[in-house]
Amino acid sequence: QLHLVESGGGAVQAGDSLRLSCTASGRTFSDYAMGWFRQAPGQEREYVAAISRGGADTFYADSVRGRFTITRDNAKNAVYLQMNGLKPEDTAVYYCAADLRVAELRRGSGGINYWGKGTLVTVSS
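**Some words on the overall build of the protein chain**
Part 1 of the reasoning: When its secondary structure is counted, the protein chain shows 1 helix and 11 strands.
Part 2 of the reasoning: Ordered by position from N to C terminus, the α and β elements of the protein chain give β-β-β-β-β-β-β-β-β-α-β-β.
Part 3 of the reasoning: A globule of 125 residues ought to have a C-alpha radius of gyration of about 14 Å, and the protein chain, at 13 Å, matches this closely.
Part 4 of the reasoning: Its C-alpha atoms give the protein chain principal-axis dimensions of about 40 × 30 × 25 Å.
Part 5 of the reasoning: Sorting the 125 residues of the protein chain into buried and exposed places 45% on the buried side.
Part 6 of the reasoning: Accessible surface for the protein chain amounts to roughly 6,200 Å². Of this, 45% is attributable to carbon and sulfur atoms.
Part 7 of the reasoning: One way to put it: in the protein chain the 14 positive side-chain charges average out to a point 4 Å from where the 12 negative ones average out.

And the structure:
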């Protein structure tokens, strides 16, 4: 099992920034591509961003490209989501996810290997 724990959520104003963190334990972190998803109230969970095992390749949903940045530190078993220019529509619970294949994360596959429990981000106008 790969255990994922998110942190860094909170309540901010539109235009502010937040940095989410996800720390992993239990398996070899660098074996896994990592991703971030979010679920707004009353909506389905959606893909936000993904990063390859070594961190060289990053991918983003159109809704966040240019505002959010995903990075990872394999020495610290951590993945991050820097969120700038936050908008009220970014309000959601943000989940960290891990899969052996980055393609699975990009597809938002129901078969993604591991999920965290989420951290809430609330953006007010």
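**Quick look at the sheet that holds strand S1 (residues 3–7)**
Part 1 of the reasoning: Taken together, 4 strands build an open sheet; the order of strands is S1-S3-S8-S7 and the sheet is antiparallel. The sheet is open, and its two edges are formed by S1 and strand S7 (68–73), each paired on a single side. Between one strand axis and the next, the sheet turns through 15 degrees on average, direction left out of account.
Part 2 of the reasoning: Here 6 bridges tie S7 to strand S8 (residues 78–83), and the two strands are oriented antiparallel to one another. Paired with Ile70 across the strands is Leu81, a residue of S8.

**Notes on the state of the cysteines**
Part 1 of the reasoning: Inspection of the entire model under this criterion finds 1 disulfide.
Part 2 of the reasoning: Note on cysteine connectivity: Cys22 is disulfide-linked to Cys96, with sulfurs 2.1 Å apart. With the S-S dihedral at roughly -75 degrees, the linkage between Cys22 and Cys96 falls on the left-handed side. Residue Cys22 is found in strand S3 (residues 18–25), and its partner Cys96 is found in strand S9 (residues 92–99); the two are separated by 74 residues along the sequence.
Part 3 of the reasoning: For Cys96, a relative accessible area of 0% puts it in the buried group.

**Quick look at the packing of aromatic side chains**
Part 1 of the reasoning: Here the structure, examined in full by the defined rule, presents 3 aromatic pairs.
Part 2 of the reasoning: Consider the rings of Phe37 and Trp115, whose centres lie 4.9 Å apart with planes at 65 degrees: the pair is edge-to-face. A residue pair is termed long-range when its members are at least 10 positions apart, and Phe37 in strand S4 (residues 33–39) and Trp115 in strand S10 (residues 114–115) qualify at 78 residues.
Part 3 of the reasoning: On the basis of relative accessibility, which here comes to 2%, the residue Phe37 falls in the buried class.
Part 4 of the reasoning: For Trp115, a relative accessible area of 28% corresponds to the partly exposed category.
Part 5 of the reasoning: Connected via pairs of aromatic rings, a cluster forms that spans Phe37, Tyr47 and Trp115.
Part 6 of the reasoning: Directly above the aromatic system of Trp115 lies the positively charged group of Arg45, at a separation of 3.7 Å from the ring centroid.

About the criteria used
Residues numbered from 1 in each chain as written. Predicted model: local features only at pLDDT ≥ 70, side-chain atom pairs only at ≥ 80, totals over all residues. Heavy atoms only, no water. Helix = DSSP H or I, 4+ residues; strand = E, 2+ residues; numbered from the N terminus. Rg over C-alpha atoms; globule rule 2.2 N^0.38 Å. Buried < 20%, exposed > 50% of the residue type's maximum accessible area, 1.4 Å probe, protein only. Areas by Shrake-Rupley, 256 points an atom, 1.4 Å probe, with all protein chains shown as cover. Lys, Arg positive; Asp, Glu negative; His and termini not counted. Charge placed at Lys NZ, Arg CZ, Asp CG, Glu CD. Pairing = 2+ DSSP bridges. Axes fitted to C-alpha atoms, helices over the stretch in contact; angles between N-to-C directions. Disulfide = S-S within 2.5 Å. Phe/Tyr/Trp six-rings, centres within 6.5 Å; stacked < 30°, edge-to-face > 60°. Lys NZ or Arg CZ within 6 Å of the ring centre and 35° of its normal.

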